[in-house]
Amino acid sequence: MGRYLLMISKVRLLQGMTAPRSIASKWPLPLQLLFLVVLILSFSSVFTLLAMALIKPIYGILGADTLLAEAAANPESLSGVDSKINALKFIQLCTTLGTFLFPAFMYSFVQDPMGDFIRLKQTGKPVLFGLAILGMLCAVPMIGMLYDWNRNVQLPADIMQTVKRAEDQASALTHLFLEMPSYAALFFNLLVIGIMPAIGEEFLFRGVLQRLFQDRIRNAHIAIWLTAAIFSLVHFQFLGFLPRMILGGILGYAFYYSGSIWVPVVAHAFNNSAQVIMAFLFQQGIISYNVENTESTPIYLGILSLFISILIIALMYRRRFVFDVSKQVNPDENT
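What comes next is a walk through the structure. Source: prediction; values computed, not measured. (Residues numbered from 1 in each chain as written. Predicted model: local features only at pLDDT ≥ 70, side-chain atom pairs only at ≥ 80, totals over all residues. Heavy atoms only, no water.)

### Focus on the side chain of glutamine 32
And step 1. Position of glutamine 32 relative to the elements: it lies in helix α2 (residues 29-59).
And step 2. There is a polar contact of 3.2 Å between the side chain of glutamine 32 and the side chain of glutamine 111.
And step 3. Among residues more than four places away in sequence, those in contact with glutamine 32 are Ala24, Ser25, Lys26, Trp27, Tyr107, Gln111, Leu212 and Arg216. (Helix = DSSP H or I, 4+ residues; strand = E, 2+ residues; numbered from the N terminus. Polar contact = N/O pair within 3.5 Å; in protein donor to acceptor, adjacent residues only side chain to side chain. Contact = heavy atoms within 4.5 Å.)

The structure is reproduced here in structure tokens:
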């Protein structure tokens, strides 16, 4: 016990010497969340407006508002029109940067100017990268089963009609984005759909929001699942809320047990990119499986997937990051 207390004392001393916290770090949780929301709305608005202004010189499209309205009302009408599809992807890319990545960086700097709030400097154990990716793969049948359950939830007719309309529009837009007639379209999609959302969303949700909740609530599991619920909620797709929340939970444990933001980033990017690549291979006739297939998942596969996912999280715990005083790393997530 004495050695443990001595180690903690050394840790706190090193923290005080190497990473002085800002006044903002002492704000109450509601004020922290309000500040984060203001950052998100501000950067998102600026980057979206910038993207809408740039599509004219880049893609030769005069009215961004008209294009967005057309994409929302009738996405199928844009099928095969590469300039308009690429313009929409460009707007999506810029919006991702403004909504997730830049607010996360700014919040991290304000929260801890001299430190590493998001855990960018921690590389993570190679085995945890592998387990996180394996966890995303093995969770696929469970996610399919949960999606089946989620979409069968009965809501009042008027609400269900609105939800269904929004889901259909999102599905049509996703199908439009996944049209990849060339390798150039594949690589653009890997950036827009696979890599940048993974980086931005993990930086914001796991790197900022999960850490913020954990620092204030002092319970890692509550922080992980509260963040996962918010992560799913902000996608505004009710019929996929539960499966997306479970994926967020897996990514949350990957961050918590690895001590590095790069572990969930890589796992998230792998999950997104794998779907993009499989869609491309299907369109090229190389594989026969269509990732946009909505067939029901057998319950036995979903339950087996659930147990394997729990086992993988347990393995992450056994291989979890162990604090080393010599590295001068904040051990909050590992105590």
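### Section: the nonpolar core
As a rule of thumb, nonpolar side chains are buried together in soluble globular proteins.
And step 1. Core analysis: the largest hydrophobic core is formed by 28 residues, its most contacted members being Leu36, Tyr107, Phe203 and Leu204.
And step 2. Among the secondary structure elements, those contributing two or more residues to this core are α2, α4 (82-111), α8 (183-217) and α9 (220-233).
And step 3. If we ignore the near neighbours within four places in the chain, the residues touching phenylalanine 203 are Leu101, Ala104, Phe105, Ile118, Leu120, Val208, Ile261, Trp262 and Val265.
And step 4. With 24 residues, the next largest nonpolar core counts Phe129, Ala139, Ile143 and Leu247 among its residues. (Core = buried A, V, L, I, M, F, W, Y, C linked by side-chain atoms within 4.5 Å. Buried < 20%, exposed > 50% of the residue type's maximum accessible area, 1.4 Å probe, protein only.)

### A few points about the pattern of salt bridges
And step 1. For the structure shown, the criterion picks out three salt bridges.
And step 2. A salt bridge links glutamate 70 to lysine 84, with the shortest nitrogen-to-oxygen separation between them at 3.5 Å. Of this pair, glutamate 70 sits in helix α3 (residues 64-73) while lysine 84 sits in helix α4; the two residues are 14 residues apart in sequence, bridging distant segments of the chain.
And step 3. Using a relative accessible area of 28% as the deciding quantity, one classes lysine 84 as partly exposed.
And step 4. With a shortest N-O distance of 3.6 Å, arginine 211 and aspartate 215 are connected by a salt bridge. On the criterion of helical spacing, the pair formed by arginine 211 and aspartate 215 is a turn pair, its members being four residues apart in helix α8. One exposure class covers both arginine 211 and aspartate 215, and it is buried. (Salt bridge = Lys/Arg side-chain N within 4 Å of Asp/Glu carboxyl O.)

### Concerning the packing of aromatic side chains
And step 1. Scanning the model with the defined rule gives 15 aromatic pairs in all.
And step 2. Ring geometry for phenylalanine 47 and phenylalanine 102: centres 4.8 Å apart, planes at 40°, overall tilted. Within this pair, whereas phenylalanine 47 is found in helix α2, its partner phenylalanine 102 is found in helix α4, the two being separated by 55 residues in sequence.
And step 3. Under the relative-accessibility criterion, phenylalanine 47 is labelled buried at 16%.
And step 4. Seen from their ring centres, tryptophan 225 and tyrosine 253 are 6.1 Å apart, and the 65° between their planes marks the pair as edge-to-face. With tryptophan 225 in helix α9 and tyrosine 253 in helix α10 (residues 241-258), this residue pair connects regions lying 28 residues apart in the sequence.
And step 5. Taking relative accessible area as the criterion, tryptophan 225 reaches 32% and is therefore assigned partly exposed.
And step 6. For tyrosine 253, a relative accessible area of 8% gives the class buried. (Phe/Tyr/Trp six-rings, centres within 6.5 Å; stacked < 30°, edge-to-face > 60°.)

### Notes on a positive patch on the surface
And step 1. Among the surface-exposed residues, Lys125, Arg318, Arg319 and Arg320 lie close enough to one another that they form a single positively charged patch.
And step 2. Looking at where arginine 319 falls in the secondary structure, it is placed in the segment after α12 (299-318). (Patch = residues over 30% accessible without salt bridge, like charges linked within 9 Å, V, L, I, M, F, W, Y side chains within 5 Å. Areas by Shrake-Rupley, 256 points an atom, 1.4 Å probe, with all protein chains shown as cover. Lys, Arg positive; Asp, Glu negative; His and termini not counted. Charge placed at Lys NZ, Arg CZ, Asp CG, Glu CD.)

### Topic: helix α11 (residues 262-283)
And step 1. Given a rise of 1.5 Å per residue, 22 residues ought to cover 32 Å, and the 31 Å separating the end C-alpha atoms of α11 matches this to within 8%.
And step 2. Buried residues in α11 make contact with α5 (126-138), α8, α9 and α10.
And step 3. Directly after α11, the chain includes glycine 285, whose backbone phi takes a positive value near 80°. (Expected span 1.5 Å × (residues − 1).)

### Examining the environment of leucine 29
And step 1. One can find leucine 29 in helix α2.
And step 2. Residues leucine 29 and isoleucine 217, 188 residues apart in the sequence, show an inter-C-alpha distance of 9.2 Å.

### What to know about unusual backbone geometry
In terms of backbone geometry, most residues other than glycine have negative phi values and most peptide bonds are trans.
And step 1. Backbone geometry at arginine 119 places phi at a positive 75°, although glycine is not the residue there.
And step 2. Inspection of the secondary structure puts arginine 119 in the loop between α4 and α5.
And step 3. Accessibility expressed as a relative area gives 5% for arginine 119, which makes it buried.
And step 4. Positioned with a positive phi, arginine 218 is a non-glycine residue whose angle comes to about 65°.
And step 5. Locating arginine 218 in the fold gives a position in the loop between α8 and α9.
And step 6. Overall, the relative accessible area of 62% leaves arginine 218 in the exposed class.

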